[in-house]
Amino acid sequence: MTSDRESSSPDAQADTGASDQLKLVLRRVFETQIPNYGDYNLVCATPGLDGETGFYVLGYRWRPAELVFAPFDVDSLAALEAPTAINTTNLSHTDELGTDAYEVGTNTGRIFRFSVLPQAALPAEDSSTLLEQAADWTDFRSFVQSYLDLA
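Here, residues in each chain are numbered from 1, in the same order as that chain's written sequence. Owing to the predicted nature of the model, reporting of local features is limited to residues with pLDDT of at least 70; listing and counting of side-chain atom pairs is limited to 80 or more, with chain, interface and lining totals taken over all residues. Derived side-chain values reflect all non-hydrogen atoms in the structure, with water molecules and hydrogen atoms excluded from consideration.

Draft legend 1. The arrangement of the pattern of salt bridges in detail. Take a side-chain nitrogen of Lys or Arg and a carboxyl oxygen of Asp or Glu: if they are within 4 Å of each other, that pair is a salt bridge. What the rule picks out here adds up to 7 salt bridges. Put simply, Glu-31 and Arg-27 hold a salt bridge, and the shortest N to O gap is 3.5 Å. Placement of the pair is Glu-31 and Arg-27 together in helix 1 (residues 10-31), with a separation of 4 residues, close to one helical turn. Residues joined in a network through salt bridges with shared partners are Asp-39, Arg-61 and Glu-66. The secondary structure listing takes helices from DSSP runs of H or I that are at least 4 residues long and strands from runs of E that are at least 2 residues long, numbered from the N terminus.

Right, here's the structure in full:
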């Protein structure tokens, strides 16, 4: 979750400001739960298929290859449960379900279906916030292609 300012229009700056603020909040959701949080790149993962409801701060690192799913509530932006780390010791499968939609499972039966998009829409009770993460999305797509080969 980097902070990129790519446009100089007032509306774009306002939207970027809201996106940057949201990135800070979601980073705290992850950092307060993961002891070595600095090792991870972060993206916001949204529901991957119709009927899915999970939103995650998704931490990933290249070496050792690992994904950490930190679920959060879209209204309160608070953590919902302890994060789940998936690495080569507990990875059962990784599948690409569609464009930017994935499924990752553990050998204990836990399955995560999610999407990572250049702009993540986070619905809230009274509005919707758009999280800009295009640079992070590009890096994550490279990572997930290598992760698909691990399973």
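Having seen the model, we can carry on.
Draft legend 2. Structural detail: the environment of Ser-128. Examined against the element boundaries, Ser-128 turns out to sit in strand 9 (residues 128-132). With 54 residues separating them along the chain, Ser-128 and Val-74 place their C-alpha atoms 9.7 Å apart. Every residue pair with non-hydrogen atoms within 4.5 Å of one another is taken to be in contact. Setting aside anything within four residues of it in sequence, one finds Ser-128 in contact with Ala-121, Leu-122 and Pro-123.

Draft legend 3. Broad picture of the packing of aromatic side chains. Note on aromatic contacts: the rings of Phe and Tyr and the six-membered ring of Trp form a pair at centre separations within 6.5 Å, being stacked when their planes are under 30 degrees apart, edge-to-face when over 60 apart, and tilted otherwise. Per the stated rule, a full pass over the model turns up 14 aromatic pairs. With centroids separated by 5.4 Å and ring planes inclined at 85 degrees, the aromatic side chains of Trp-62 and Phe-143 adopt a geometry described as edge-to-face. With Trp-62 in the loop between strand 2 (56-61) and strand 3 (66-71) and Phe-143 in helix 2 (residues 134-150), the pair connects residues that are 81 residues apart, well separated along the chain. Burial classes follow relative accessibility: with a 1.4 Å probe on protein chains only, a residue under 20% of its type's maximum area counts as buried, one over 50% as exposed, and anything between as partly exposed. Trp-62 gets classed as partly exposed once you look at its relative accessible area, which sits at 38%. Taken together, the aromatic side chains of Tyr-56, Tyr-60, Trp-62, Phe-69, Tyr-102, Phe-112, Phe-114, Phe-140, Phe-143 and Tyr-147 make up a single cluster linked through ring pairs.

Draft legend 4. A look at the nonpolar core. By size, the foremost hydrophobic cluster in this structure holds 20 residues, and its most contacted members are Leu-58, Leu-67, Phe-69, Phe-114 and Phe-140. Contributions of two or more residues to this core are made by strand 1 (41-47), strand 2, strand 3, strand 6 (101-106), strand 7 (111-115) and helix 2. With residues near it in sequence (within four places) discarded, Phe-69 still touches Tyr-56, Val-57, Leu-58, Pro-83, Thr-84, Ile-86, Val-104, Phe-112 and Phe-114. Membership of the second largest hydrophobic core comes to 17 residues, among which are Phe-55, Val-68, Val-74 and Ala-120. Here, the term nonpolar core denotes a set of buried Ala, Val, Leu, Ile, Met, Phe, Trp, Tyr and Cys residues that are joined through side-chain atoms within 4.5 Å.

Draft legend 5. Main features of unusual backbone geometry. With an omega dihedral of -15 degrees, the bond running from Arg-63 to Pro-64 counts as a cis peptide bond. We note that Leu-77 has phi near 55 degrees; this positive angle belongs to a residue other than glycine. In this structure, Leu-77 sits in the loop between strand 3 and strand 4 (84-87). Even without glycine at this site, Asp-100 takes up a positive phi of about 60 degrees. Note that Asp-100 resides in the loop between strand 5 (91-98) and strand 6. On the accessibility criterion, Asp-100 (6% relative accessible area) is buried.

Draft legend 6. Representation of the sheet that holds strand 1. An order of 4-3-2-1-7-6-5 is seen for the 7 strands of this open sheet, with the pairing classed as antiparallel. Whereas interior strands pair on both sides, the edge strands pair on one side only; in this sheet they are strand 4 and strand 5. In this sheet, neighbouring strand axes are inclined to one another by 30 degrees on average, regardless of whether the strands run parallel or antiparallel. At least two bridges found by DSSP between two strands is the condition for calling them paired. Bridge count for strand 5 against strand 6 is 6 bridges, and the pairing is antiparallel. Lines fitted to C-alpha atoms define the axes here, with helix axes fitted over just the stretch in contact, and angles between the N-to-C directions of these axes take values from 0 to 180 degrees.

Draft legend 7. Spatial organisation of helix 2. Given a helix with a known number of residues, its expected span is that number minus one, times 1.5 Å. Between its terminal C-alpha atoms helix 2 stretches 25 Å, which fits the 24 Å expected from 17 residues at 1.5 Å a residue. If you check which residues of helix 2 are buried, you get Asp-136, Trp-137, Phe-140, Phe-143, Val-144, Tyr-147 and Leu-148. All buried residues of helix 2 lie within an arc of 145 degrees about the axis, which places them on one face of the element. Throughout, the arc means that of the directions going from the helix axis to the C-beta atoms.

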